[in-house]
Amino acid sequence: MKNVAVLGATGSIGASTLDVIARHPDRFRASVLSAHRNVAALAALCERFRPALAVIADPALEGELARRLAAAGVHCEVASGQPALAAAASGASCDIVVAAIVGAAGLDSTLAAAHAGKRLLLANKESIVLGGPLLLEALRTGGGELIPVDSEHNAIFQCLPGGRPDLARSGVRRLVLTASGGPFRGRSRADLAAVTPEQACKHPKWSMGRKISVDSATLMNKGLEVIEAHHLFGAPAAAIDVLVHPQSLVHSLVEYVDGSVLAQLGNPDMRTAIAHALAWPERVEAGVPALDLATAGALQFEAPDLDTFRCLALAFQALRAGGDAPAILNAANEVAVEAFLAGTLPFLAIAEVVEAVLAELPAQAVVDVESLVARDGEARAAAWRQLRRAC
Ligand code: NAD
Ligand code: MG
């Protein structure tokens, strides 16, 4: 029996994870559940899954969570705040940590799980974009293992011998990340000037949280994933390509020097990657319908439009700049996406804010978590200044 901490249990990845766990009560137990502010949803999950520990990130809501759980007859430990999340990720209540918090807010708990040698199921791509070298170091010293949950990286993991080998020695020439293209694929810049958050969040293939949905619409999601792939698989920027594939059935590809190309296919449902990562190296039922290629129709592939979707080009630029440039990119993007979702920033200005902040804060070497968090803060302040100018 493996005890699983689901950090970000009330989100989209959280729900998919709990769905897979519920299918295998003999193998997995949701021993820790966390949420940001949605006490009612967290309490309901605790009633159903009976974890040992429930953590609400906002300390002001701890009392309310405790009251709701007591009223429902749920006896579990209750904690609150970011330090409690990190303690839960590294504590004795779990063997596996599913990092499904959105944004840089997931960094501390992701690092804590890595330091503690847990099996880390990484969905929270912002934490590896922000602190890639520190996370890799924590995994090395902690002795744990990271299994990617992001569908593209999970696909690449499945197409590489041993999951994560030395790419050059394994004869890998290129990693190819597929992208659905998002809801605005094929549109021109002029078409995108007035799009709304509701339009941006209406993803054609995947059902996801609002932040990643906007990132998919700008293609920043693919940009963050390029940086994620660089860290996870040790691939230089020049060996990572992006291919738009609107059907979202081919989740990514690995090209070898002999001309072989291996791909992983499946219906667009995150439970496949989550079940794979939970059970690896075994396989378990995920609740995902079998892929029927005979009825799936034609599969299309095309190059991404980097002029319209500037965020993808900016992510490659940040990766090539190195150091903490990806952290700066991520922080500026989080601020800009929040403003777009709040209705105070036009869609096309997201890339403008990110570009201006990258220009204002040239890359520095990544030293430690403290300096990285300080740079994240500087980038957010610079992005807010840009917002005041843009609005
Ligand atoms: P979501 O918005 O649906 O859920 C986010 C979760 O994080 C919620 O449980 C929320 O309570 C929690 N949270 C938010 N802010 C927090 C904070 N400040 N402190 C603590 N907890 C906080 O998001 P999602 O779509 O589930 O995505 C989660 C992560 O997984 C993101 O990093 C996303 O990029 C990544 N991811 C998601 C998908 C997907 O299909 N949804 C696919 C690949 C990767
Ligand atoms: Mg992905």
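As the structure is a computational prediction, the values presented were derived from the model and not from experiment. Counting from 1, residues in each chain are numbered in the order their sequence is written. Whichever chain is written first is A, and whichever ligand is written first is 1; the rest continue in order. In keeping with the predicted nature of the model, local features appear solely for residues at pLDDT of at least 70, side-chain atom pairs appear and are counted solely at 80 or more, and the whole-chain, interface and lining totals rest on all residues. Excluded from the side-chain calculations are hydrogens and water; all other atoms, namely the structure's heavy atoms, are used.

### A closer look at the overall build of the protein
Elements are defined by DSSP. Helices are runs of H or I of four residues or more, strands are runs of E of two residues or more, and each kind is numbered from the N terminus. A tally of helices and strands in the protein yields 17 helices and eleven strands. It is over C-alpha atoms that the radius of gyration is taken, and the globule rule equals 2.2 Å times the number of residues to the power 0.38. Its C-alpha atoms give the protein a radius of gyration of 20 Å, near enough to 21 Å, the size a compact globule of 391 residues would have. The principal-axis extents of the C-alpha atoms in the protein amount to approximately 55 × 50 × 40 Å. Expressed as a percentage of the 391 residues in the protein, the buried residues total 55%. By definition in these notes, contact holds between two residues if any of their heavy atoms fall within 4.5 Å. Contacts spanning at least 24 positions in sequence make up 68% of the contacts within the protein whose residues lie at least 6 apart. Positive charges are assigned to Lys and Arg, negative charges to Asp and Glu, while His and the chain termini are left out of the count. Charge positions come from single atoms, namely NZ of Lys, CZ of Arg, CG of Asp or CD of Glu. The positive charge centre, built from 34 side chains, and the negative charge centre, built from 40, are 2 Å apart in the protein. Buried means the residue's accessible area, taken with a 1.4 Å probe over protein chains only, is under 20% of the maximum for its type, while exposed means over 50%, and partly exposed covers the values in between.

### A short note on a nonpolar patch on the surface
Together, L265, L293, L299 and F301 make up a nonpolar patch on the protein surface, roughly 330 Å² of accessible area in all. Relative to the elements of secondary structure, F301 occurs in the loop between α13 (293–296) and α14 (310–321). We classify F301 as partly exposed; its relative accessible area is 41%. Residues enter patches when their relative accessible area tops 30% and they take part in no salt bridge; the joining distance is 9 Å for like charges and 5 Å for the nonpolar side chains Val, Leu, Ile, Met, Phe, Trp and Tyr. Only the protein chains shown count as cover for residues, with accessible areas throughout obtained via the Shrake-Rupley method and a probe of 1.4 Å. In what follows, salt bridge is the name for a side-chain nitrogen of Lys or Arg lying within 4 Å of a carboxyl oxygen of Asp or Glu.

### Observations concerning the nonpolar core
Side-chain atoms within 4.5 Å are what join buried Ala, Val, Leu, Ile, Met, Phe, Trp, Tyr and Cys residues into a set we call a nonpolar core. By size, the foremost hydrophobic cluster in this structure holds 139 residues, and its most contacted members are L33 and L329. With eleven residues, helix α15 (residues 325–341) is the single largest residue contributor to this core. Beyond its immediate sequence surroundings of up to four residues, L329 is in contact with M220, L224, I227, L314, A315, A318, V354 and L358.

### Concerning the environment of A22
As for its placement among the helices and strands, A22 is situated in helix α1 (residues 12–22). For the pair A22 and R48, spaced 26 residues apart in sequence, the C-alpha to C-alpha distance is 9.8 Å. When near neighbours in sequence (up to four residues on either side) are disregarded, A22 contacts R48 and F49.

### Description of the domain arrangement of the protein
What the domain assignment reports for the protein is domain 1 (2–148), domain 2 (151–269 + 293–306) and domain 3 (322–391). On a C-alpha basis, the centres of domain 1 and domain 2 stand 26 Å from each other. On the side of domain 2, 17 residues touch domain 1, which itself brings 13 residues to the contact. Accessible surface is computed with a 1.4 Å probe, and the buried area is the amount of it that two parts give up when combined, taken over both parts together. Here domain 1 packs against domain 2, burying approximately 1,200 Å² in sum over the two surfaces, 66% of which is carbon and sulfur. Its largest share of buried area at the contact with domain 2, domain 1 owes to K125, V129 and P148, together 46% of the area lost on that side. In this structure, the connection of domain 1 to domain 2 is made through two salt bridges. In this structure, the salt-bridge partner of E225 is K125, at a minimum N-O distance of 2.8 Å. What qualifies as a polar contact is a pair of N or O atoms within 3.5 Å, subject to a donor-acceptor requirement within protein and to the restriction that residues adjacent in sequence count only when both atoms come from side chains. Remark: the boundary between domain 1 and domain 2 carries five residue pairs in polar contact (both at pLDDT 80 or more). Contributing elements (two or more residues each) for the side of domain 1 that touches domain 2: α6 (125–142) and β7 (145–148). It is α6 that contributes the most residues to the side of domain 1 that touches domain 2, seven residues altogether. Each domain's extent is set by a domain assignment, obtained either automatically or from a database.

### Quick word on the sheet that holds strand β8 (residues 172–179)
Across the sheet, four strands lie side by side as β9-β8-β10-β11; this open sheet has mixed pairing. Two strands close off the open sheet at either side, each with one partner strand: β9 (240–244) and β11 (261–265). Across the sheet, the mean angle separating the axes of adjacent strands is 20° when strand polarity is ignored. When DSSP locates at least two bridges between a pair of strands, those strands are taken to pair. Here β8 runs beside β9; their pairing, made up of five bridges, is parallel. Paired with A179 across the two strands is V244, which belongs to β9. Structural elements are reduced to axes, namely lines fitted to C-alpha atoms, with helices fitted over the stretch in contact, and the angle between N-to-C directions of any two is expressed from 0 to 180 degrees.

### Re the coordination of the magnesium ion (ligand 2)
At the metal site, the magnesium ion (ligand 2) is ligated by D150 (OD), E152 (OE) and E225 (OE), and these contacts range over 2.1 to 2.2 Å. Water is absent from the atoms considered, so a metal site may look incomplete; donors are defined as N, O and S atoms within 2.8 Å of the metal, or 3.2 Å for Na, K and Ca. Taken in chain order, the donor set of the magnesium ion (ligand 2) reads D-x1-E-x72-E. Of this pair, E152 sits in helix α7 (residues 151–159) while E225 sits in helix α11 (residues 220–233), placing them 73 residues apart in sequence. E225 shares its class with E152; the two are buried.

### Comments concerning α14
Helix span, expected: 1.5 Å multiplied by one less than the number of residues in the helix. Here α14 is twelve residues long and its end C-alpha atoms lie 16 Å apart, about the 16 Å a rise of 1.5 Å per residue gives. By the burial criterion, the buried members of α14 are C311, L312, L314, A315, F316, A318 and L319. In this fold, the buried residues of α14 make contact with α10 (210–218), α11, β9, α15 and α16 (349–360). In the segment just after α14, G322 is the residue with positive phi, at about 75°.

### Here's the deal with the side chain of Q264
With respect to the helices and strands, Q264 occurs in strand β11. Its relative accessible area of 11% is what places Q264 among the buried residues. Sequence-distant contacts of Q264, that is, excluding residues within four places in its chain, are made with A155, Q158, C159, L249, V250, H251, S252 and T272.

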